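Structural description and commentary
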Amino acid sequence: MKSDLFQAPDYYQVDDLLTDEHKLVRNTAREWVKKNVSPIIEEYAQRAEFPKELINGLAEVGAFGSYIPEKYGGAGLDQISYGLIMQELERGDSGIRSTASVQSSLVMGPIYNYGSEVQRQKYLPKLASGEWMGSFGLTEPNHGSNPSGMETKFKDMGNHYLLNGAKMWISNAPICDVAVVWAKNEEGRIHGLLVERGMEGFSTPETHNKWSLRASITGELIFDNVKVPKENLLPNKSGLGAPLLCLDSARYGIAWGAIGAAMDCYDTALRYAKERTQFGKPIGQFQLQQKKLAEMITEITKAQLLTWRLGVLKNEGRATSAQISMAKRNNVDMALKIAREARQVLGAMGISGEYSIMRHAMNLESVITYEGTHDVHLLITGLDITGLNAFK
């Protein structure tokens, strides 16, 4: 097992903008990742296996529902703390951050925001502790960027709902105890349903042969005449806006998380450039290598400031969906470019599992697509600044 020598870059002293609580939360997550994730993650990624033994630790560092009130088992932290936890988890691996991001933003979030008090009391403490894992069913085989076209439907059968359809590319699906499933009723209105493992006709086959997010567990949600109790419908919001607001929270977490992956690639490349000698001197002394490293730290610093400001707006309830889209798009694109440049700094060693860079690069190829593709987020910004809808 390899040691983790990571040192976080902070070129503009962004730490000065954080409270003592923010730094405590961040440092706790950072040390947990160094101790528990870094030593094992390459092996699990090589095997394409999710390290289930990390679930309890994720709960302990507040990664599950960090901003959910303590009365429901959450940590009661603010949005910047949530973002910093996601940053540290993705510094370890995007798949580990995905596990926590789905649990927090896409499962606990809608139950807390749209659920009844009975649903909150029943599900949230179990999800916060990691006793239960959750998944979020929106994407379908025929509907990714166009979720409004979903074909999963449910009928009112009097004393229960009858659910039919399928979801795919669902993080946590094969291990989930409960799924927040978005489906259309007979009038075509989208609602959220809480579907529990063990309900007859509900299955969660695992997705194999991934070249990305190999340490994350992905699968399908299949509903074949599943009888869902009426009390499992989320009562407080319906329509497409309900799942999209959940995605806002997930995208916000990704904006922070991508910085973590970029920082890890930069730190690895910087250390290597100072240690690797060619032509009688460290390669970091050559102009083109310094150009790469200088551009990396510049882009990371810009992303740190962008995301910190977004966190302030989120805490104040003023962050817009378009602002979140901009940060998600910018930061993931930034991280992917840094991963590619860092790989070049390391030359052939950049593809070796001895270093984290190639794993980050492969993971980020998924992150740049999920929770809204790179192009879709660009058009969200375009719509916001022009008022003209390019989606129609």
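In the block above lies the structure referred to throughout.
This structure is a prediction, so every number in the text was calculated from the model and none was measured.

**Section: the layout of surface pockets**
One number sums up the size of the largest pocket: a volume of about 1100 Å³. The wall of the largest pocket is formed by 38 residues, among which Thr139, Gly144, Tyr370, Glu371 and Gly372 lie closest to the centre. Of all elements in the fold, only α4 (94-114), β3 (160-171), α6 (241-275), α8 (321-345) and α10 (374-386) reach the threshold of two or more residues within the lining of the largest pocket. The leading source of residues in the lining of the largest pocket is α6, at 6 residues. Tallied by class, residues from the lining of the largest pocket come to 16 nonpolar, 17 polar and 5 charged.

**Side note on the packing of aromatic side chains**
If you walk through the whole model with that rule in mind, you get 11 aromatic pairs. Measuring from centroid to centroid gives 5.9 Å for tyrosine 272 and tyrosine 355, while their planes differ by 90°, and the two rings are edge-to-face. A residue pair is termed long-range when its members are at least 10 positions apart, and tyrosine 272 in helix α6 and tyrosine 355 in the loop between α8 and α9 (357-367) qualify at 83 residues. Among the residues examined, tyrosine 272 registers a relative accessible area of 11% and is labelled buried. Members of the aromatic cluster, each reached through a chain of ring pairs, are Tyr67, Tyr82, Tyr252 and Trp256. Its guanidinium or amino end placed over the ring of phenylalanine 286, lysine 281 lies 4.5 Å from that ring's centre, counting from NZ or CZ. Lysine 314 extends its terminal NZ or CZ atom over the ring of tyrosine 252, reaching a point 5.4 Å from the ring centre.

**Focus on unusual backbone geometry**
One can expect most non-glycine residues to show negative phi and most peptide bonds to be in trans. Residues other than glycine seldom take positive phi values, yet alanine 48 does so here, at roughly 55°. Given a relative accessible area of 38%, alanine 48 falls into the partly exposed group. Positive phi outside glycine occurs at phenylalanine 279, with the angle close to 55°. Inspection of the secondary structure assignment puts phenylalanine 279 in the loop between β8 (277-278) and β9 (281-282). We classify phenylalanine 279 as exposed; its relative accessible area is 76%.

**Considerations on the environment of phenylalanine 286**
Tracing the sequence through the fold places phenylalanine 286 in the loop between β9 and α7 (287-315). Judged by relative accessible area, phenylalanine 286 falls into the partly exposed class, the value being 26%. Taking the C-alpha atoms as reference points, phenylalanine 286 and alanine 179, separated by 107 residues in sequence, lie 52 Å from one another. The contacts of phenylalanine 286, once residues within four sequence positions are left out, are Gln278, Phe279 and Lys281.

**A closer look at the packing of helix α3 (residues 79-92) against α6**
Across the interface, α3 lies against α6 with an axial gap of 7 Å and an inter-helix angle of 45°. Relative to α6, the element α3 is oriented oblique. Handedness of the α3/α6 crossing: right-handed. Side by side, α3 and α6 meet where Gln79, Ile80, Tyr82, Gly83, Leu84, Met86, Gln87, Glu90 and Arg91 of the first sit next to Ser249, Tyr252, Gly253, Trp256, Gly257, Ala258, Ile259, Gly260, Ala261, Met263 and Asp264 of the second. Split by residue class, the contact of α3 with α6 holds 10 nonpolar, 7 polar and 3 charged.

**Side note on the pattern of salt bridges**
Applying the stated criterion across every chain, the model contains 19 salt bridges. Across the pair aspartate 264 and arginine 91 runs a salt bridge whose closest N-O atoms are separated by 3.0 Å. Here aspartate 264, found in helix α6, pairs with arginine 91, found in helix α3; they are 173 residues apart in sequence, far enough to count as distant. There is no split in this pair, since aspartate 264 and arginine 91 are both buried. Glutamate 140 is paired through a salt bridge with lysine 167; the nearest N and O atoms lie 2.8 Å apart. Placement of glutamate 140 in the loop between β1 (134-137) and β2 (153-156) and of lysine 167 in strand β3 is noted, with a sequence separation of 27 residues between them. Across the pair, lysine 167 and glutamate 140 agree in class, each one buried. One continuous salt-bridge network, built from bridges that share partners, spans Asp4, Arg91 and Asp264.

**What to know about α7**
Over its 29 residues, α7 runs 42 Å from end to end, which matches the ideal 42 Å to within 8%, given 1.5 Å per residue. Where α7 terminates, the next one or two residues include glycine 317, which has phi positive at roughly 70°.

**Digging into the environment of glutamate 186**
If you trace the backbone, glutamate 186 turns up in the loop between β4 (178-184) and β5 (190-196). Overall, glutamate 186 belongs to the exposed group, its relative accessible area being 53%. Between the C-alpha atoms of glutamate 186 and serine 98, which are 88 residues apart in sequence, the distance is 33 Å. Each residue touching glutamate 186, except ones within four places of it in the same chain, is listed here: Phe154, Lys155 and Asp156.

So, how was this worked out
- Residues numbered from 1 in each chain as written.
- Predicted model: local features only at pLDDT ≥ 70, side-chain atom pairs only at ≥ 80, totals over all residues.
- Heavy atoms only, no water.
- 1 Å grid on protein atoms, 1.4 Å probe; cavity = no way out; pocket = protein on both sides within 12 Å on 5 of 7 lines; lining within 4 Å.
- Points joined across faces, edges and corners; volume = space filled by probe spheres on them.
- Helix = DSSP H or I, 4+ residues; strand = E, 2+ residues; numbered from the N terminus.
- Nonpolar A, V, L, I, M, F, W, Y, C, P; charged D, E, K, R; others polar.
- Phe/Tyr/Trp six-rings, centres within 6.5 Å; stacked < 30°, edge-to-face > 60°.
- Buried < 20%, exposed > 50% of the residue type's maximum accessible area, 1.4 Å probe, protein only.
- Lys NZ or Arg CZ within 6 Å of the ring centre and 35° of its normal.
- Contact = heavy atoms within 4.5 Å.
- Axes fitted to C-alpha atoms, helices over the stretch in contact; angles between N-to-C directions.
- Parallel < 35°, antiparallel > 145°, perpendicular 65-115°, else oblique.
- Left-handed = near helix turned anticlockwise from the far one by under 90°.
- Salt bridge = Lys/Arg side-chain N within 4 Å of Asp/Glu carboxyl O.
- Expected span 1.5 Å × (residues − 1).

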